[in-house]
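# Structural overview
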Amino acid sequence: MSERHEGGHGHGHHGHGELDWSVMGPVLEQEAEVSLPLYREIADWAAERSDRVPGPVVDAGSGPGVVSALLAEVFPDRAVYAVDAEEALLERAADRAHRTGLRGRLHTHRADLPGGLDALPAASLVWAGRSLHHVGDQRAGLAAFGRALVPGGHLVLLEGGLPPRTLPRELGFGRPGLESRLDAVQEEWFAGMRESLPGSVRETEDWPALLEAAGLRHVATRSFLLDLPAPATYETRAHLIAQWQRRLEHVELDAADRATADRLLDPEDRAGLYHRPDLFLLSAQTVHLAERAE
Ligand SMILES: C[S@@+](CC[C@H](N)C(=O)[O-])C[C@H]1O[C@@H](n2cnc3c(N)ncnc32)[C@H](O)[C@@H]1O
């Protein structure tokens with residue numbers, strides 16, 4: 001799902017835009033599992049476009065390791081390091097490695113980015129999936145990702161895209177366009193989250209330019225769709241209900257939108273999220289591919 005929609009409201013939230021990643025563990029896991037078709041397409045694209053240079057694959061800001069395990073599948077001859085600041089999330093990644101028979105090849109490494117990658121062997125590929133925007137100084141983050149690569153190695157940076165859509169604009173009740181109104185709230189939250197990060201630096205989010213400034217050669221930018229049309233599967237619906245609960249829990253809404261929110265979240269309401277046949281998930285993730293030239 002899109003970078004700016006990782007559940008900024010409700011539980012898992014410390015206040016001042018900071019997320020409690022240990023509470024967010026199951027949330028991130030469910031979201032990544034639902035988004036696996038998207039990540040698989042991106043990983044296949046990156047694998048096709050990157051040269052066969054030596055070195056492991058590093059998943060920088062891996063969270064619970066769903067994508068790390070996918071990377072281990074897509075790069076079967078490589079060790080994969082799931083790197084994150086949160087021990088609770090790395091434990092999930094380690095559990096997954098154990099469950100999926102990847103224990104010998106999927107390793108975890110705790111690091112507070114942008115530091116800590118130098119403790120690992122130089123990588124053939126660094127995957128940064130919506131993690132860089134949680135680093136205060138994103139230029140320093142990109143430079144650290146670049147230094148972590150062997151010459152000829154690639155950085156896969158997932159930043160930008162479009163907010164997800166999950167419901168029709170017209171729900172059949174309430175004022176149309178609730179999801180767009182919530183996007184505006186989320187943008188505010190995201191700005192506050194960035195401002196509250198330690199050492200936060202405001203940057204124009206021109207990722208190709210920032211990659212070049214970090215000494216990397218920008219290779220390509222492409223956006224990938226996650227397109228899960230209605231009717232939603234059980235898993236997708238469960239994920240979307242959880243997302244909507246988080247989005248609506250603490251947000252200030254006018255009386256009409258609050259009434260709509262209450263109907264959507266009511267498990268008994270046939271027009272609510274639990275029963276609607278028209279619930280879907282459509283989002284776009286932008287990916288920037290860059291190479292360490294020397
Ligand atoms: C939005 S989540 C993305 C998780 C995963 N890449 C995915 O796509 O499912 C961001 C992740 O970055 C991690 N993170 C945030 N700031 C970090 C930092 N300074 N150092 C290391 N990890 C960090 C969080 O713990 C979280 O797991």
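Relevant structure appears above.
A brief look at the structure comes next.

## Considering the sheet that holds strand β6 (residues 123–129)
Reading across the sheet, the 7 strands line up as β5-β4-β3-β6-β7-β9-β8 and stay open at both edges, with mixed pairing between neighbours. Strands at the two margins of the open sheet, each flanked by one partner only, are β5 (106–110) and β8 (216–228). With direction set aside, neighbouring strand axes in the sheet form an average angle of 20 degrees. As judged from the 6 bridges shared by β6 and strand β7 (residues 149–165), these two strands associate in the parallel manner. Bridge assignment links L125 to a residue of β7, and that residue is H154.

## Regarding the packing of aromatic side chains
Counted under the stated rule, the structure contains 3 aromatic pairs. Judged by centre distance (5.4 Å) and plane angle (65 degrees), the rings of W45 and F224 are edge-to-face. Note that W45 is positioned in helix α2 (residues 36–49) and F224 in strand β8, a separation of 179 residues in sequence. Taking NZ or CZ as reference, R247 lies 5.5 Å from the ring centre of W244, over its face. Between R263 and the ring centre of F173, over which it is positioned, the NZ or CZ distance is 4.3 Å.

## Considering the site of the ligand
Close contacts around the ligand come from 19 residues, with G61, D84, D112, L113 and G129 the closest. At 3.3 Å from a nitrogen atom of the ligand is found a main-chain nitrogen or oxygen belonging to A85.

## Some details on helix α5 (residues 138–147)
Those residues of α5 lying buried are Q138, G141, L142, A144, F145 and G146. Here α5 starts with a cap whose side-chain oxygen sits 3.2 Å from the backbone nitrogen of R139, and that cap is D137.

## Regarding the packing of helix α1 (residues 25–34) against helix α8 (residues 234–249)
In contact at an axis separation of 10 Å, α1 and α8 are set at 135 degrees when each is read in the N-to-C sense. Judged by the inter-axis angle, α1 sits oblique to α8. In this structure, α1 crosses over α8, and the sense of that crossing is left-handed. Side by side, α1 and α8 meet where V27, Q30, E31 and V34 of the first sit next to E235, T236, A238, H239, A242, Q243 and R246 of the second.

How each quantity is defined
- Residues numbered from 1 in each chain as written.
- Predicted model: local features only at pLDDT ≥ 70, side-chain atom pairs only at ≥ 80, totals over all residues.
- Heavy atoms only, no water.
- Pairing = 2+ DSSP bridges.
- Helix = DSSP H or I, 4+ residues; strand = E, 2+ residues; numbered from the N terminus.
- Axes fitted to C-alpha atoms, helices over the stretch in contact; angles between N-to-C directions.
- Phe/Tyr/Trp six-rings, centres within 6.5 Å; stacked < 30°, edge-to-face > 60°.
- Lys NZ or Arg CZ within 6 Å of the ring centre and 35° of its normal.
- Near = heavy atom within 4 Å.
- Polar contact = N/O pair within 3.5 Å; in protein donor to acceptor, adjacent residues only side chain to side chain.
- Buried < 20%, exposed > 50% of the residue type's maximum accessible area, 1.4 Å probe, protein only.
- Parallel < 35°, antiparallel > 145°, perpendicular 65-115°, else oblique.
- Left-handed = near helix turned anticlockwise from the far one by under 90°.
- Contact = heavy atoms within 4.5 Å.

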